[in-house]
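Observations on the three-dimensional arrangement
Chain residues, written in single-letter form:
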Amino acid sequence: MGEKALTNKKIALCASRKIEEMSALIVKQGGIPILRPAQGTMFFNEELKQQLHQMVNEPVDWFIFTTGIGVDTLMKKADEWGVGEKFLQAIRQAHVAVRGYKTTNVLRTYGISPHITAEDGTTQGLVHALKDVEWTDKRVVVQLYGDSAPSLQQFLVKRGALYQEIWPYRHTPPAADVMKQLIEEIISRSVQAVCFTSAIQVRFFFSFVKEWGYVQEIKRAFADDVVAVAVGKVTKEALHEEGIARVIAPAHERMGAMIVELAQYFDKQ
């Protein structure tokens, strides 16, 4: 790889954490990092207490967990509100499906082994793994964390499941002026790459793109001149779902690996 693979290239970062670390790696490769956070702050979901109490009192047929940190948060909150053991019991009495090995590992620390696992860590992988289950009139609780899963919801509802979402946290949207600036930079090709480090950043960014009517221009820019970069499979999947075909992503889901992958991509051009 060339010493300065990103020389004079402007790289937009949509992350809200580990900014300094990624910026330093971009600068080291000769690039210019531009901060365009595409997700706001996380806030605690006030409905959670009521939902947890409901779940320990009304039988659930299936729990579907999508993130390790989400599982951990639910367990800790259930403990805090005095229903920890009852919540664990409710999970043990139900069937459990998970997305990704991190989620599986966290559940095992609580003595729970999932019945179905999507090892590739994607929502599509999870939907595929759930295809042979009879869902009619089954009460299904899906744990989400930061990002919705429309394809999973659609699949379950279409199959007749009684669908319920549980969100340990919610994200606030990013600043509209920052998103407007990023959209203009992409369309004008004044940035050469955009790095997304979570699926929620992709969702928020494209919600503004759609609202302001820039879908075709953004798709064209990402297809021709601007490189869309994802930190891992789930973020890459979110970009594909928004119609972005060319997405660069590292084999190992790390922010540093993402910048290295981008540098290698430009080095080969």
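See the structure shown above.
Not measured: the values here are computed from a predicted model.

**A few points about the overall build of the chain**
- When its secondary structure is counted, the chain shows 12 helices and 12 strands.
- Taken over the C-alpha trace, the chain has a radius of gyration of 20 Å; the compact-globule value for 269 residues is 18 Å, and the two agree within 12%.
- Along the longest, intermediate and shortest principal axes, the C-alpha atoms of the chain span 60 × 35 × 35 Å.
- Within the chain, contacts between residues at least 6 apart in sequence are counted, and of these 68% link residues at least 24 apart.
- Counting only carbon and sulfur atoms, one obtains 49% of the accessible surface of the chain, whose full area is about 12800 Å².
- Across the chain, the mean location of the 32 positive side-chain charges is 3 Å away from that of the 31 negative side-chain charges.

**Let's talk about the sheet that holds strand 5 (residues 95-99)**
- Strand order across the open sheet formed by five strands is 6-5-4-7-8, with parallel pairing between neighbours. On the outer flanks of this sheet lie strand 6 (116-118) and strand 8 (162-166), each paired with one strand and no other. Direction aside, neighbouring strands of the sheet carry axes that sit 15 degrees apart on average.
- Strand direction decides the pairing type here: strand 4 (residues 62-65) and strand 7 (residues 139-143), joined by four bridges, are parallel. Across the sheet, Phe65 pairs through a bridge with Gln143, a residue of strand 7.
- Docked against the sheet, helix 7 (residues 150-158) engages strand 4, strand 7 and strand 8, running at close to 155 degrees with respect to strand 8.

**Looking at helix 3 (residues 68-80)**
- An ideal rise of 1.5 Å per residue puts 18 Å on 13 residues; helix 3 measures up with 18 Å between its terminal C-alpha atoms.
- Taken as a whole, helix 3 has its buried residues at Gly68, Gly70, Val71, Thr73, Leu74, Met75, Lys77 and Ala78.
- Directly beyond the C-terminal end of helix 3, a positive phi value near 80 degrees is found at Gly82.

**Examining the environment of Ala90**
- In this fold, Ala90 is placed in helix 4 (residues 84-93).
- Those residues within four positions of Ala90 in sequence are excluded, and the remaining contacts are Met55 and Phe63.

**Observations regarding the pattern of salt bridges**
- Tallied over the full model, the rule gives 10 salt bridges.
- Glu58 serves as the salt-bridge partner of Arg139, at 4.0 Å between the closest nitrogen and oxygen. On the criterion of sequence distance, the pair formed by Arg139 in strand 7 and Glu58 in the loop between helix 2 (48-57) and strand 4 is long-range, its members being 81 residues apart.
- With relative accessibility at 13%, the residue Arg139 sits in the buried group.
- The exposure class assigned to Glu58 is partly exposed, which follows from its relative accessible area of 39%.

**Brief notes about the nonpolar core**
- Ile186, Val194, Phe205, Phe206, Phe222 and Leu239 are the most contacted members of the largest nonpolar core, which has 29 residues in total.
- Among the secondary structure elements, those contributing two or more residues to this core are helix 8 (176-187), strand 10 (193-196), helix 9 (199-211), helix 10 (215-224), strand 11 (227-230) and helix 11 (233-241).
- Counting residues per element, this core draws most heavily on helix 9, which supplies six residues.
- Contact partners of Phe222, with chain neighbours within four places excluded, come to Ile186, Val194, Phe196, Phe205, Phe206, Val227, Ala228, Ile244 and Arg246.
- One finds Leu52, Phe63, Met75 and Ala78 within the second-largest nonpolar core, a separate group that totals 25 residues.

What counts as what
- Residues numbered from 1 in each chain as written.
- Predicted model: local features only at pLDDT ≥ 70, side-chain atom pairs only at ≥ 80, totals over all residues.
- Heavy atoms only, no water.
- Helix = DSSP H or I, 4+ residues; strand = E, 2+ residues; numbered from the N terminus.
- Rg over C-alpha atoms; globule rule 2.2 N^0.38 Å.
- Contact = heavy atoms within 4.5 Å.
- Areas by Shrake-Rupley, 256 points an atom, 1.4 Å probe, with all protein chains shown as cover.
- Lys, Arg positive; Asp, Glu negative; His and termini not counted.
- Charge placed at Lys NZ, Arg CZ, Asp CG, Glu CD.
- Pairing = 2+ DSSP bridges.
- Axes fitted to C-alpha atoms, helices over the stretch in contact; angles between N-to-C directions.
- Expected span 1.5 Å × (residues − 1).
- Buried < 20%, exposed > 50% of the residue type's maximum accessible area, 1.4 Å probe, protein only.
- Salt bridge = Lys/Arg side-chain N within 4 Å of Asp/Glu carboxyl O.
- Core = buried A, V, L, I, M, F, W, Y, C linked by side-chain atoms within 4.5 Å.

Shape descriptors only; they carry no functional weight alone.
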